[in-house]
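# Coordinate analysis (summary)
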Amino acid sequence: QVQLVESGGGLVQAGGSLRLSCAASGRTLSSFTMGWFRQAPGKEREFVAGIRWSGIEIHYADSVKGRFTISRDNAKNTVFLRMNSLKPEDTAVYYCAADKAIGAISTTSRSYDYWGQGTQVTVSS
């Protein structure tokens, strides 16, 4: 079993930055694909970014490309999401997720096996 705990969310003004962290326990994540998703009130959960176990293959949603950076530290069993140039439309609960399947980065939430509890990100205009 894997437990994921997100941190780093908060309130920030438009144009600001935040760095989210996702710490894992219970099992090493070194072979897992890791993803970040978000869910705004009244909307479906959507893919934000994903990173393969090697850290080389990365995929971003078009809405965050060029502003967000996903990275991982397998030695620390932690995944990060650096968010720059934040916009009010980035406001959402952000979730970390782990996919134990071997393959391409999935952008669908049902492909992921483990989830954190989420951390709130609020961007004011």
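Each value, and the rule that gives it
Within every chain, residues take consecutive numbers counted from 1 along the sequence as written. This being a predicted model, a pLDDT of at least 70 is required before a residue's local features are given, and a value of 80 or more before pairs of side-chain atoms are given or counted; all residues contribute to the totals for chains, interfaces and linings. Based on all heavy atoms of the structure, the side-chain values leave hydrogens and waters out of the count. Secondary structure elements follow DSSP: runs of H or I no shorter than four residues count as helices, runs of E no shorter than two count as strands, and numbering proceeds from the N terminus. Each radius of gyration is computed over the set of C-alpha atoms, and the globule rule expresses the reference value as 2.2 Å times the number of residues to the power 0.38. Per-residue accessibility, obtained with a 1.4 Å probe over protein chains only, is compared with the maximum for each type, and a residue is labelled buried under 20%, exposed over 50%, and partly exposed between these values. In this analysis, two residues are considered to be in contact whenever any of their non-hydrogen atoms come within 4.5 Å of each other. All accessibility values rest on the Shrake-Rupley procedure with a 1.4 Å probe; residue burial counts only the protein chains present in the view. For the purpose of counting charges, residues Lys and Arg are taken to be positive, whereas Asp and Glu are taken to be negative. His and the chain ends are not included. Working definition for charges: the position is that of NZ of Lys, CZ of Arg, CG of Asp or CD of Glu. By convention in this document, the label disulfide applies to cysteine sulfur atom pairs within 2.5 Å. Only buried residues count toward a nonpolar core. Its members are Ala, Val, Leu, Ile, Met, Phe, Trp, Tyr and Cys residues joined through side-chain atoms within 4.5 Å.

This part takes up the overall build of the chain. Scanning the chain from terminus to terminus reveals 0 helices and 11 strands. Reading the chain from its N end, one meets helices and strands in the order β-β-β-β-β-β-β-β-β-β-β. The C-alpha atoms of the chain give a radius of gyration of 13 Å, which matches the 14 Å a tight globule of 125 residues would have. In terms of its C-alpha atoms, the chain occupies a principal-axis envelope of roughly 40 × 25 × 25 Å. When each of the 125 residues of the chain is scored for burial, the buried share is 45%. Pairs at least 24 apart in sequence give 59% of the contacts found in the chain among residues at least 6 apart. A total accessible area of about 6,300 Å² is found for the chain, and carbon and sulfur atoms account for 48% of it. Once the 14 positive and 10 negative side-chain charges of the chain are each reduced to a mean point, those two points are 3 Å apart.

Summed over the entire model, instances satisfying the criterion amount to 1 disulfide. The disulfide partner of cysteine 22 is cysteine 96, and the gap between their sulfur atoms is 2.0 Å. Negative torsions about the S-S bond denote left-handed disulfides, and the value of about -75 degrees found for cysteine 22 with cysteine 96 makes this one left-handed. Note that cysteine 22 is positioned in strand E3 (residues 18–25) and cysteine 96 in strand E9 (residues 92–99), a separation of 74 residues in sequence. Like cysteine 22, the residue cysteine 96 is buried in the burial classification.

So, on to unusual backbone geometry. Phi is mostly negative for residues that are not glycine, and the peptide bonds are mostly trans. Unusually for a residue other than glycine, asparagine 77 sits at a positive phi of about 55 degrees. Given a relative accessible area of 14%, asparagine 77 falls into the buried group. The phi dihedral of serine 85 falls on the positive side, at around 50 degrees, and the residue is not glycine. Here serine 85 is to be found in the loop between strand E8 (78–83) and E9.

We now examine the nonpolar core. Membership of the largest hydrophobic core comes to 36 residues, with the highest contact counts inside it found for Leu4, Met34, Trp36, Leu81, Met83 and Tyr94. Those elements that place two or more of their residues in this core are E3, strand E4 (33–39), strand E5 (46–51), strand E7 (68–73), E8, E9 and strand E11 (119–124). When residues of this core are assigned to their parent elements, the largest contribution, 5 residues, is made by E9.

Treat this as a map of the structure, not an account of what it does.
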